[in-house]
Amino acid sequence: MTVDSAPLAPTVWWARTSDADSRLLHLLDEGELARNARFRQQADRDRHLLGRSLARLALADLAGCPPEKVTFDLRCRSCEDKERTGARGGDAEPHGKPHPSGPAQGLEISVSHSGDWVGLAVSEGVPVGIDVEGVSAARDVEGLADYTLAEAERRAWLLLPAEERVSAFFGYWARKEALLKATGLGLSGGLRRVAVSPPHTPARLLSWEGGGGPDAAWLSDLDRGADYRSALAVLTDRPVEVVVRSPRDTAALLGS
Ligand SMILES: CC(C)(COP(=O)(O)OP(=O)(O)OC[C@H]1O[C@@H](n2cnc3c(N)ncnc32)[C@H](O)[C@@H]1OP(=O)(O)O)[C@@H](O)C(=O)NCCC(=O)NCCS
Ligand SMILES: [Zn+2]
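Bear in mind that the values here come from a model prediction, so they are computed numbers and not experimental data.

Draft legend 1. Here's a closer look at the environment of Cys 79. Looking at the element boundaries, Cys 79 is found in helix H3 (residues 77–84). Taking the C-alpha atoms as reference points, Cys 79 and Ala 174, 95 residues apart in sequence, are found 22 Å from one another.

So, in structure tokens, the structure goes:
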């Protein structure tokens, strides 16, 4: 087997929001601490703290350096694309996808949080995107579907039994957002432009309207139980074998 056809093995870590502990705050840099303090809700502070802590600890382990040496450059591809075409000046506060820098440069990560869960995906040299969404019947999914699902997705979604629609909607959303996060475009890339395969079929990117999509993308659902939908995107044409770390590994990484 040549190196290029060897499977990639991105790692996924899951922490529970309740794993957050103020002892982790020393892992955040000044900017992250300031951002953390700006969240109004404790649960949002906990999810942000866990996302950054998990990322720093997992990257430090891979790079063989102390966690405080791991730094992140924030890059938003939507804003970079606009700046390149002169449509927008580069005056916004740094935001967007965190790219590891310092000793962890070359590793790629993605973070997602929702409700009880904080997810981290890590890969070597290949962009990854993770998304987790809480299935919420309280949301107006019919209305959301109109402007988030691509035409073919919406048609397939409406054919589903009514009782499946809410969770299927969040399944679509997670698959699409995982792809948008892998590219660094984020939601500004346009959920409707990205069309993925229907529920009950293997996750797959079908089309990316208007260009700007990745040359290759591998996509899979991740299991977070019936109350959540989650997906992982890896921008590669190579085979992928995801390694999901155990709760015990996560506890050991967080020192809890
Ligand atoms: C950022 C975004 C992708 C997050 O989606 P979400 O479902 O609300 O939240 P998730 O928990 O799944 O993901 C949050 C994480 O995504 C990461 N992220 C932020 N921007 C990203 C981007 N452009 N691409 C990939 N990942 C991004 C961050 O790590 C963030 O975690 P943090 O805030 O703890 O650092 C989405 O809200 C978005 O694109 N927002 C941008 C809209 C906007 O403000 N546009 C104007 C400037 S472009
Ligand atoms: Zn931006």
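Don't stop here, the text continues.
Draft legend 2. Geometry of the coordination of the zinc ion (ligand 2). At the metal site, the zinc ion (ligand 2) is ligated by Cys 76 (SG), Cys 79 (SG) and His 95 (NE2), and these contacts range over 2.1 to 2.3 Å. Each of the four donor atoms around the zinc ion (ligand 2) contributes to a set of angles spanning 103 to 114°, which defines the coordination as tetrahedral. Counting gaps between the donor residues of the zinc ion (ligand 2) yields the pattern C-x2-C-x15-H. Of this pair, Cys 76 sits in the loop between strand S2 (71–75) and H3 while His 95 sits in the loop between H3 and strand S3 (97–101); the two residues are 19 residues apart in sequence, bridging distant segments of the chain.

Draft legend 3. Fine view of the sheet that holds strand S4 (residues 107–114). Spatially, the four strands line up as an open sheet ordered S4-S5-S1-S11, and their pairing is mixed. Either end of the sheet is taken by a strand with one partner, and the two such strands are S4 and strand S11 (243–244). In this fold helix H2 (residues 42–63) packs onto strand S1 (11–16), S4 and strand S5 (117–124), with an angle of close to 25° to the strand it touches most, S5.

Draft legend 4. Summary view of the environment of Asp 140. Position of Asp 140 among the secondary structure elements: in the loop between strand S6 (128–134) and helix H4 (141–148). Separated by 26 residues in sequence, Asp 140 and Val 166 have C-alpha atoms that sit 9.2 Å apart. Looking at Asp 140, its side chain comes within polar contact range of the main-chain nitrogen of Gly 143, at 3.0 Å.

Draft legend 5. A look at the site of ligand 1. Around ligand 1, the structure places 21 residues, and the nearest of them are Ser 112, His 113, Glu 177, Lys 181 and Leu 187. Within the side chain of Asp 131, one N or O atom sits 3.0 Å away from an oxygen atom of ligand 1. Between ligand 1 and Leu 187 there is a distance of 2.6 Å, counted from an oxygen atom to a backbone nitrogen or oxygen. Contact with the protein chains removes 72% of the 900 Å² of surface that ligand 1 exposes when unbound. Judged by the fraction of its atoms near the pocket grid, ligand 1 is located in the largest pocket. For the shell around ligand 1, the elements supplying multiple residues, two or more each, are H2, S3, S4, S6 and helix H6 (165–183). Here the shell around ligand 1 gets three residues from one element, more than from any other, and that element is S4. Partitioned by chemical class, the residues of the shell around ligand 1 number six nonpolar, eight polar and seven charged.

Draft legend 6. Examining the pairing of strand S10 (residues 228–234) more closely. Within S10, six of the seven residues are buried, leaving the element largely enclosed by the surrounding structure. Taken together, the five bridges between strand S9 (residues 218–222) and S10 define a ladder with antiparallel strand orientation. Paired with Ser 220 across the bridge in S10 is Leu 232.

Draft legend 7. Spotlight on the side chain of Thr 148. On the secondary structure map, Thr 148 appears in helix H4. In terms of polar contacts, Thr 148 uses its side chain to reach the backbone carbonyl oxygen of Leu 144, at 2.7 Å. Dropping the residues within four chain positions of it, Thr 148 is found in contact with Glu 153, Phe 169, Trp 173, Lys 176, Leu 191 and Arg 192.

What counts as what
Residues numbered from 1 in each chain as written. Chains lettered and ligands numbered in written order. Predicted model: local features only at pLDDT ≥ 70, side-chain atom pairs only at ≥ 80, totals over all residues. Heavy atoms only, no water. Helix = DSSP H or I, 4+ residues; strand = E, 2+ residues; numbered from the N terminus. Donors = N, O, S within 2.8 Å, 3.2 Å for Na, K, Ca; no water. Tetrahedral: all angles 85-135°; square planar, octahedral: opposite > 155°, others 65-115°. Pairing = 2+ DSSP bridges. Contact = heavy atoms within 4.5 Å. Axes fitted to C-alpha atoms, helices over the stretch in contact; angles between N-to-C directions. Polar contact = N/O pair within 3.5 Å; in protein donor to acceptor, adjacent residues only side chain to side chain. Near = heavy atom within 4 Å. Areas by Shrake-Rupley, 256 points an atom, 1.4 Å probe, with all protein chains shown as cover. 1 Å grid on protein atoms, 1.4 Å probe; cavity = no way out; pocket = protein on both sides within 12 Å on 5 of 7 lines; lining within 4 Å. Sits in = over half its atoms within 2 Å of the grid points. Nonpolar A, V, L, I, M, F, W, Y, C, P; charged D, E, K, R; others polar. Buried < 20%, exposed > 50% of the residue type's maximum accessible area, 1.4 Å probe, protein only.

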